[in-house]
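Working through the structure, step by step
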Amino acid sequence: MGGIFGALSPKKSNVIDVVISGLKRLEYRGFSGSGIAFLQDNDLVIYKDAVRIDKLIELYRLDEVSSWIAIGQTRYATHGKPHKNNTEPHTDCKNSLAIVGDGAIENYEFLKDATIIRGHKVVSKCDFEIIVHMIEDELGRYRDIVRSINSVVKDLEGFYTFALLLRDYNSIVLYTSLQPIFIGISKNIYLFSSNKSSMYGIADRYIELGANELGIISENGVDVYSLSTQSRVVKEERNLDVDPRFIDRGGFPHHMIREIYEIPFSLLRTISSVQDKYLSLSARFIIEARNVFIIGNGTSLHAGLVASYYLSELANVNPIVVSAAEFPLYYVDNIAPGSLVIAISQSGETGDVLQSVYEAKLRGATILGITNYIGSRLANLSNIYLPIGAGPEISIPATKTFTSTLMLLYMLALKASRYRGNIDESEYKDGIKYAKIMAQSLNEYMHRIDKDVAKVVKFISQCRSGYIVSRGITYPIALEGALKFKETAYVHAEGVEAGEFKHGPQSLLDENIFTIFIIPTEKIAIEPTYSLISMAKEYKTKTIVIGYEGDQKLDELGDIPVIKLPAVKRHLTPIIATIPLQFLAYRLGIELGRPIDTPRYLSKTVH
């Protein structure tokens, strides 16, 4: 996955500098590799390596290269570690097609085997290389771009966007399964980009490709097709109106808010990134382990706590969840061959996690790494690792990586439940299908949730401290929400289990304290939580309630602000309930003038 950008000049002017500029603006989408493909004297030329854009320019002297048509990518590794061979663009066996892409192909392993059997030479471990070989076959069969692409995408499962440079057609072809891709239009050049902001100052207007649409950019202009009908579609051209201050942040004022809004797409990437054979092997390790430990720090530890609910209920496995900083002190002596340590670290470089993994491996434990960076030390130390697949996260406060980690852990628990025999294969597939539908539909709610949050930020901005309260599977979300308030807004908050609220915390309640209640999903815990809400109101705290559509009791709370979320299956509520707390932390940080993406004293990787 990563950021993709390309350009074509109908007047045959040089576009290499334009593509390089666009890729630099998209580098926030990936920095484990970069590459560019272009036509030169009717030959397809590719320069790529596991380096950032500036280094690629230096290695291949791209400032001296000229071409009128080019595509490129800045990569974030999910299939295949950072390496030149795994870096895009990839080409077909005839060197007539080049591909760059974003997203992940879910059935990559199956398609790869079939591609090799058909006689293709596959040189990388990147899923998008398989697509270019499949298109090579179909173009040879049909000699028609639209028909060929339509034939290929019918066999692809996942969440993806790709761009092709076709040597023999002097054109660029774009396709997206869901996430929008943008085509820029001006008098002398046509562009495409993962984000319209990156085209600022180059294109005057743009059109947006949506789900299952195909765009063909040639010297004659831009044609768009619906693959559902294989007929032309007339797209509205819009003025490219973006704020130039935010072009390197995808059009958002901060990386954090951009990354929150990316959550629906990041969830889909996660579902598509993990390959079934590795998920199955990981699930077997869990079921067959003598004992299971889950370790992490901060946000990763909170994700591990949610995983304990998943594994206990779905797979009858009761893991010990412990901070990676505490693990060597009191738990490591319980490790022996047959033990499984599930180590969670977004960066894969967290010092306490790595030290705990070292100690556990010395004692014969099996290590299952959960990381967003597959080139990390955690991935290298693990017996098996699963990619979070959220894409790069620039802001120090973790947002989309947390929700994607929850999704990955849910998938793992569901697969473990399948191996335990608690559910059958059809129930497992239904669970994954529901998760995809939920992630896709969530995109429709993001702006509404943000808008509801914006209404209540001033309400709590003068409070000296606060509690975030929940129970059951959303209790760890209260802990995570409190962490986000501290990181992002420098506001003290404490996550409290609802059953413990009367055992001390209530003594601090007054008009200078805020209380945020997340309504639990467990029926037995709902009524007692509403009683606590009434108590908090009686003590004049600034009270906010996060609940779910369809709960009539929310409408009976009177003047207490309520943020309503879509009602989903219980095991996915931790993902949903996280989002308003992230928005609250961000908006509160803005209200109080905090440095959102770079909180003081904090870093993305804690050594």
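Counting starts from 1 at the beginning of each chain's written sequence and moves along it residue by residue. Owing to the predicted nature of the model, reporting of local features is limited to residues with pLDDT of at least 70; listing and counting of side-chain atom pairs is limited to 80 or more, with chain, interface and lining totals taken over all residues. Neither water nor hydrogens contribute to the side-chain values; these are computed over all heavy atoms in the structure.

The name given to the protein chain in an unreviewed UniProt entry is glutamine--fructose-6-phosphate transaminase (isomerizing), and the organism recorded there is Ignisphaera aggregans. The record in UniProt for the protein chain states the following under Catalytic activity (unreviewed entry): "D-fructose 6-phosphate + L-glutamine = D-glucosamine 6-phosphate + L-glutamate". UniProt positions are given in the numbering used here, feature names are shortened, and annotations may be inferred rather than shown by experiment.

Right, let's talk about the environment of Ile 20 for a bit. Helix and strand definitions follow DSSP, with helices as H or I runs of at least four residues and strands as E runs of at least two, each counted in order from the N terminus. Its location among the elements puts Ile 20 in helix α1 (residues 16-25). Throughout, exposure labels follow a simple rule: accessible area from a 1.4 Å probe, protein chains only, divided by the maximum for the residue type, with under 20% read as buried, over 50% as exposed, and the rest as partly exposed. Exposure remark for Ile 20: the relative accessible area of 10% places this residue in the buried category. Along the chain, Ile 20 and Val 51 lie 31 residues apart, while their C-alpha atoms are 14 Å from each other.

Right, let's talk about the pairing of strand β18 (residues 339-345) for a bit. Most of β18 is tucked away: 7 of the 7 residues are buried. The side-chain alternation of β18 yields two buried faces, one formed by Ser 339, Val 341, Ala 343 and Ser 345 and the other by Leu 340, Ile 342 and Ile 344. Any two strands with at least two DSSP bridges between them are considered paired. Of the strand pairs in this sheet, strand β16 (residues 291-296) and β18 are connected by 5 bridges, and their pairing is parallel. If you follow Phe 293 over to β18, its bridge partner there is Val 341. Considered for its hand, the β-α-β crossover made up of β18, helix α11 (residues 351-362) and strand β19 (residues 366-371) is right-handed. Here is how to tell: hold the view so the strands point away, follow the path from the first strand over the helix to the second, and if it runs clockwise the crossover is right-handed.

The subject of this paragraph is unusual backbone geometry. Glu 88 connects to Pro 89 through a cis peptide bond whose omega is 10°. When you line up the elements, Pro 89 lands in the loop between β4 (69-75) and β5 (90-91). Positive phi is not limited to glycine here, since Lys 540 has a value of about 65°. Here Lys 540 lies in the loop between α17 (523-538) and β24 (542-548).

This part covers the sheet that holds strand β7 (residues 158-166). Strands sit in the order β5-β6-β7-β8-β12-β13-β14 across an open sheet of 7 strands; the sheet is antiparallel. Each edge of the sheet is formed by a strand with only one pairing partner; in this case those strands are β5 and β14 (231-232). Here, residues are in contact when the closest pair of their heavy atoms is within 4.5 Å. To obtain each axis, a line is fitted to C-alpha atoms, and for helices this fit is confined to the stretch in contact; angles are then taken between N-to-C directions over 0 to 180 degrees. Sheet strands in contact with helix α4 (residues 127-142) are β5, β6 (97-105) and β7, and its direction is about 130° off that of β6.

Reading across the sheet, the 5 strands line up as β22-β21-β23-β24-β25 and stay open at both edges, with parallel pairing between neighbours. Only two strands of the sheet have a single neighbouring strand rather than two, namely β22 (493-497) and β25 (562-565). Adjacent strand axes in the sheet meet at a mean angle of 15° when their direction is disregarded. Note that β24 and β25 share 4 bridges and pair parallel. When the bridges of β25 are listed, Tyr 548 appears paired with Leu 565. Lying on the sheet, α17 is in contact with β23 (513-518) and β24; it crosses β23 at an angle near 165°. In the packing of helix α18 (residues 573-591) onto the sheet, the strands contacted are β21 (465-470), β23, β24 and β25, and the crossing angle to β25 comes to about 140°.

Helical geometry: 3.6 residues make up each α-helical turn, so side chains three or four residues apart lie on a common side. Under the 1.5 Å per step criterion, the end-to-end length of α18 is 28 Å for 19 residues, consistent within 8% with the ideal 27 Å. When you tally the buried positions in α18, you get 16 out of 19 residues, the bulk of the element. Once α18 finishes, Gly 593 follows within two positions and takes phi at roughly 75°, a positive value. To estimate the expected span of a helix, subtract one from its residue number and multiply by 1.5 Å.

Here a salt bridge means any side-chain nitrogen of Lys or Arg lying within 4 Å of a carboxyl oxygen belonging to Asp or Glu. This structure, assessed with the given rule, holds 38 salt bridges. For Glu 359, the salt bridge identified is with Arg 363, shortest N-O distance 3.0 Å. The salt bridge partner of Asp 555 is Lys 564, with a shortest N-O separation of 2.9 Å. Assessed through its relative accessible area of 55%, Asp 555 is described here as exposed. The structure contains a network of salt bridges with shared partners spanning Arg 258, Glu 259, Glu 262 and Lys 400.

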